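The lines below spell out each chain.
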Amino acid sequence: MDRRAFLRATARLAALAAFGQLAACTQSQPFKFDKDPFTLGVASGDPLSDGVVLWTRLAPEPLSGGGMKSTPVDVEWLVARDEGMKDVVRSSTTSALPELAHSVHVEVSGLDPDRVYWYRFRAGGVESPIGRTRTVPAAGAGPSALRFAFASCQNYVQGYYTAHANLAREELDAVFFLGDYIYEGTARGDIVREYAKRGWSFSLADYRDRYAQHKSDRDLQAAHAAFPWIVTWDDHEVENNYAGGIDKEDPRNKAAIAERAAGYQAFYEHMPVRAPRPQGPDLKLYRSVSYGNLATFFVLDTRQYRSPEIALCSELGQTQSGYCPASVDPTRTMLGADQRTWLLKGLGDSASPWNFVAQSVRFAQQDSNPDLGKHTFDGVDNWMGYVVDRQLILDRFATTRNPVVLSGDSHVNFVYDLKRDFSDPTSPTVGTELLGTSISSEGDPFVEQTQFTPPLKNPQLRFFDNHRGYVRCTLEPARLSADFRAVSTVRKPTATVSTTATFVVDDGKPGARRA
Ligand SMILES: [Fe+2]
């Protein structure tokens, strides 16, 4: 080898090391799986105009730790322009690391904008199922339409994922998942199927097995394999109603911090996210995604930085307005200072005609006091517990083009007009909230309810419905159309789907109208 060839080879090795591929070439041992390692399916997410994240995890024994030895394993990946995987445009090998539960996150680049691709993995002589994904339109491109769905809350034991089976059959560019992907607790409620491992999730091993159980569901796998997902989390990815904005130095918080670190690690290992690897109890998840010059989605993290939750309103009393004193305390925050600044600036700077805030919990105000002359705003786990941050966003919405909040968590469907000042019914509507029901959490409704007439106490509420399902949206420059999709049951493994209601938001007219 002459000096020039040597330098070229050295430079190539350096480049390989920089991409983390050297480890794969040198450390991994070739071997054959005798059981399928792709039991958790494949997924893609966080699409860009030139790339996407591809995900899988090697887990021949998914419900009991994964069944892998503690050595890295080579995983080949391919991206093709055709479903038959003949026209391969990108391929390489990465390393599935034991410290990440043998999950892989491949950040593919060099793809064409606004195009469907197919992908698959290969490891130890076994091929994965083929997944389908899609890049976003280039910056400045004007797509005529964007089709997406959003969903949340998929308690495994409380229902079959019939919603995902139907979601996978839709024609979509992307899916937004808004939290409660797993439930960390024991099986509760009306149980239609069991966890393999009962009890609460506290350790990394617990969370990994709980993710694996949820992801072993074939309908969930089908929905992942069909579209790129853009995910955020809510509380149950760690613990019911947890608030991350606690003092990490306080020794009393040691157990909560350790639990959060385990939950974040397992979340990362099982999601097709571009986010950097979690550093203990920290994982930056908030981010934005733009679809050409049609729409920007601001994806929030409403858990990691929020001030500790207050006790129930009833124990603390209320202010004259109907809020708990702590809910209106200006020192308390839902988003944390950095994320709040990022969101307000992002909304202010956005040139997109449509601006979505995709996040986990109810944003609008809703009065729960049955007495016409009294008010109670006791949603301490949602934005009613963090009024100051909400008002800053509502004020910004007044000058934002077509702001729409997408939410989950409530396990029912709601459509709200977002008022600049919720205490004044004559205040202008500055935005729209579409809150989607659960995939399975709480099971089939005992009594089916669908209501279109705004209640006297809550005239901002345009729609209420308690079916299980998801929300399918079509966005065009002139309008957003949202179909509330309801499945016939989650008590059986198969179900039909139908549209309970369609609501439309017209360009330049905040608030939804029934189509
Ligand atoms: Fe939930």
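Remember, it's a predicted structure, so these values are computed and weren't measured experimentally. (Residues numbered from 1 in each chain as written. Predicted model: local features only at pLDDT ≥ 70, side-chain atom pairs only at ≥ 80, totals over all residues. Heavy atoms only, no water.)

Draft legend 1. Quick look at helix 9 (residues 387–397). Taken together, the buried positions of helix 9 are Val387, Asp389, Arg390, Ile393, Leu394 and Phe397. Across the axial projection of helix 9, the buried residues extend over an arc of 160 degrees, all falling on one side. Where the residues of helix 9 are buried, they touch helix 8 (337–349), strand 14 (354–358), strand 15 (403–407), strand 16 (413–419) and strand 17 (429–435). (Buried < 20%, exposed > 50% of the residue type's maximum accessible area, 1.4 Å probe, protein only. Helix = DSSP H or I, 4+ residues; strand = E, 2+ residues; numbered from the N terminus. Arc of directions from axis to C-beta. Contact = heavy atoms within 4.5 Å.)

Draft legend 2. Molecular detail of the layout of surface pockets. Of the pockets and cavities examined, the second largest pocket occupies roughly 410 Å³. As for the second largest pocket, its lining consists of 23 residues, and the residues nearest its centre are Gln365, Phe377, Phe422, Ser423 and Asp424. Breaking the lining of the second largest pocket down by element, the ones donating at least two residues are helix 9 and strand 16. Looking at which element gives the most residues to the lining of the second largest pocket, the answer is helix 9, with four residues. (1 Å grid on protein atoms, 1.4 Å probe; cavity = no way out; pocket = protein on both sides within 12 Å on 5 of 7 lines; lining within 4 Å. Points joined across faces, edges and corners; volume = space filled by probe spheres on them.)

Draft legend 3. View of the confidence of the model for the protein. On average, residues of the protein score 92 in pLDDT, and 93% of them reach the 70 mark or higher. This stretch, residues 1–7, has a pLDDT under 50; its non-local contacts, to residues over four places away or in other chains, come to two contacts. (pLDDT = per-residue confidence, 0-100.)

Draft legend 4. Summary view of the sheet that holds strand 10 (residues 174–177). Spatial strand order, 5-2-1-11-10-9-20-21-22-23: ten strands in an open sheet with mixed pairing. Every interior strand has two partners, whereas the edge strands, strand 5 (103–108) and strand 23 (509–514), have only one. Neighbouring strand axes in the sheet, compared pairwise and without regard to direction, differ in orientation by 30 degrees on average. In the sheet, strand 2 (residues 52–57) pairs with strand 5 via six bridges, with the strands oriented antiparallel. From the neighbouring strand, Trp55 faces strand 5, where its bridge partner is His105. Taken strand by strand, helix 5 (residues 218–226) contacts strand 1 (42–45) and strand 11 (228–231), and its axis lies near 45 degrees from that of strand 1. (Pairing = 2+ DSSP bridges. Axes fitted to C-alpha atoms, helices over the stretch in contact; angles between N-to-C directions.)

Draft legend 5. Highlighting the side chain of Gln154. Tracing the chain through its elements places Gln154 in the loop between strand 9 (146–151) and helix 3 (162–167). Taking relative accessible area as the criterion, Gln154 reaches 0% and is therefore assigned buried. Only 3.0 Å separates the side chain of Gln154 from the backbone oxygen of Tyr181, close enough to count as a polar contact. Among all residues touching Gln154, those that are not within four sequence positions of it are Tyr161, His164, Phe177, Asp180, Tyr181, Tyr183, His214, Leu220, Ile439, Ser440 and Ser441. (Polar contact = N/O pair within 3.5 Å; in protein donor to acceptor, adjacent residues only side chain to side chain.)

Draft legend 6. Seen up close, the coordination of the iron ion. The protein atoms that coordinate the iron ion are Cys153 (SG), Asp180 (OD), Tyr183 (OH) and His411 (NE2), at distances of 2.0 to 2.6 Å. Its four donor atoms give the iron ion angles of 82 to 162 degrees at the centre, a pattern that matches the irregular case. Site description for the iron ion: donor spacing in sequence, C-x26-D-x2-Y-x227-H. Taken together, the residues span a long stretch of sequence, with Cys153 in the loop between strand 9 and helix 3 and Tyr183 in the loop between strand 10 and helix 4 (204–215) at a distance of 30 residues. For Cys153, a relative accessible area of 1% corresponds to the buried category. (Donors = N, O, S within 2.8 Å, 3.2 Å for Na, K, Ca; no water. Tetrahedral: all angles 85-135°; square planar, octahedral: opposite > 155°, others 65-115°.)

Draft legend 7. Spatial organisation of the pattern of salt bridges. According to the stated counting rule, one finds 35 salt bridges in the structure shown. Its salt-bridge partner being Arg491, residue Asp190 comes within 2.9 Å of it at the nearest N-O pair. One end of the pair, Asp190, is in the loop between strand 10 and helix 4; the other, Arg491, is in the loop between strand 21 (479–487) and strand 22 (497–506), and 301 residues separate them in sequence. Through salt bridges that share partners, Asp114, Arg134, Arg147, Glu171 and Asp173 make up one connected network. (Salt bridge = Lys/Arg side-chain N within 4 Å of Asp/Glu carboxyl O.)

Draft legend 8. Structural context of empty space enclosed by the protein. If you walk through the whole model with that rule in mind, you get one cavity of 30 Å³ or more. Forming the boundary of the largest cavity are Trp354, Asn402, Pro403, Val404, Gly431, Thr432, Val505 and Pro510. Elements that contribute at least two residues to the lining of the largest cavity include exactly strand 15 and strand 17. Its residues placed into classes, the lining of the largest cavity shows five nonpolar, three polar and no charged. (Nonpolar A, V, L, I, M, F, W, Y, C, P; charged D, E, K, R; others polar.)

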